[in-house]
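Structural description and commentary
Take a look at the letters that make up each chain.
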Amino acid sequence: MNTETIKTELQEYIKNNINDYKDDILNSREPVNELHQELFNQDYYLIGYYNCEQWLKRHNINTFDGINFVQEYEKDNFGECKQYTNAEQLVNMIVYIIGEEILFNDKEFSINKIKNQLITLI
């Protein structure tokens, strides 16, 4: 599954929303975890079955490829995987996984860079 278009979209999402969580991030012992939790785990990134089906199409993701992607992640990280019965659950789990990858592996979103960006906004 090609995730480049999703990464680009989520990088923009992070940049546009990071300021909303500056206090939580600056006061956290684990700021990257905190930011990931706030951006990708507190609420759904995208709501509505139709909207999520369109999102999958826009990113050229076949439903079964998306399910396989998510289940591989879950097996590797949790030892088990859940069933995905609708596009909304699937899309939001894909976003959770790729958001985690961006925040923990992308140098543009290193914690020092994030903190410096937030401190300049205070």
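Residues numbered from 1 in each chain as written. Predicted model: local features only at pLDDT ≥ 70, side-chain atom pairs only at ≥ 80, totals over all residues. Heavy atoms only, no water.

Some points on the overall build of the chain
A tally of regular secondary structure across the chain gives 7 helices and 0 strands. Taken from the N to the C terminus, the helices and strands of the chain come in the order α-α-α-α-α-α-α. The C-alpha radius of gyration of the chain comes to 15 Å, within 12% of the 14 Å expected for a compact globule of 122 residues. In terms of overall dimensions, the chain has a C-alpha envelope of 45 × 30 × 25 Å along the principal axes. Looking at the chain alone, contacts between residues at least 24 apart form 73% of all its contacts between residues at least 6 apart. Of the accessible surface of the chain, which amounts to about 7600 Å², a share of 42% is contributed by carbon and sulfur atoms. Within the chain, one finds 11 positive and 21 negative side-chain charges whose respective centroids are separated by 5 Å. (Helix = DSSP H or I, 4+ residues; strand = E, 2+ residues; numbered from the N terminus. Rg over C-alpha atoms; globule rule 2.2 N^0.38 Å. Contact = heavy atoms within 4.5 Å. Areas by Shrake-Rupley, 256 points an atom, 1.4 Å probe, with all protein chains shown as cover. Lys, Arg positive; Asp, Glu negative; His and termini not counted. Charge placed at Lys NZ, Arg CZ, Asp CG, Glu CD.)

Some details on helix H1 (residues 4-17)
Because each turn of an α-helix spans 3.6 residues, side chains separated by three or four positions in sequence point in the same direction. If you check H1, its first and last C-alpha atoms are 20 Å apart, about what 14 residues at 1.5 Å a residue would give, namely 20 Å. Those residues of H1 that sit buried are Ile6, Lys7, Leu10, Gln11, Ile14 and Asn17. Down the axis, H1 shows its buried residues gathered within 145 degrees of arc, on one side only. Looking at the buried residues of H1, the elements they touch are helix H3 (31-40), helix H4 (49-58) and helix H6 (87-105). (Expected span 1.5 Å × (residues − 1). Buried < 20%, exposed > 50% of the residue type's maximum accessible area, 1.4 Å probe, protein only. Arc of directions from axis to C-beta.)

Quick word on the nonpolar core
Core analysis: the largest hydrophobic core is formed by 31 residues, its most contacted members being Leu10, Phe40, Trp55, Leu56 and Ile94. When residues of this core are assigned to their parent elements, the largest contribution, 11 residues, is made by H6. Apart from the residues lying within four places of it in its own chain, the contact partners of Leu56 are Ile61, Thr63, Ala87, Leu90, Val91 and Ile94. (Core = buried A, V, L, I, M, F, W, Y, C linked by side-chain atoms within 4.5 Å.)

Here we look at the pattern of salt bridges
Tallied over the entire structure, the rule returns 3 salt bridges. One salt bridge in this structure joins Glu4 and Lys7, with 3.8 Å as the shortest N-O distance. Separated by 3 residues within a single helix, Glu4 and Lys7 lie in helix H1, roughly one turn from each other. The exposure class of Glu4 is partly exposed, given its relative accessible area of 46%. A salt bridge links Glu9 to Arg58, with the shortest nitrogen-to-oxygen separation between them at 3.9 Å. Linking Glu9 in helix H1 with Arg58 in helix H4, this pair joins segments that are 49 residues apart in sequence. (Salt bridge = Lys/Arg side-chain N within 4 Å of Asp/Glu carboxyl O.)

Thoughts on the side chain of Asn92
Structurally, the position occupied by Asn92 is in helix H6. A distance of 2.8 Å separates a polar side-chain atom of Asn92 from the backbone oxygen of Glu88. In contact with Asn92, other than residues within four places in its own chain, are Tyr44, Tyr45, Leu46 and Cys52. (Polar contact = N/O pair within 3.5 Å; in protein donor to acceptor, adjacent residues only side chain to side chain.)

Considerations on the environment of Glu108
One can find Glu108 in the loop between H6 and helix H7 (111-121). Spatially, the C-alpha atoms of Glu108 and Gln71 are 28 Å apart, while their sequence positions differ by 37 residues.

Comments concerning unusual backbone geometry
Positive phi values are uncommon outside glycine, yet Asn60 reaches one of about 55 degrees. Relative to the elements of secondary structure, Asn60 occurs in the loop between H4 and helix H5 (63-78).

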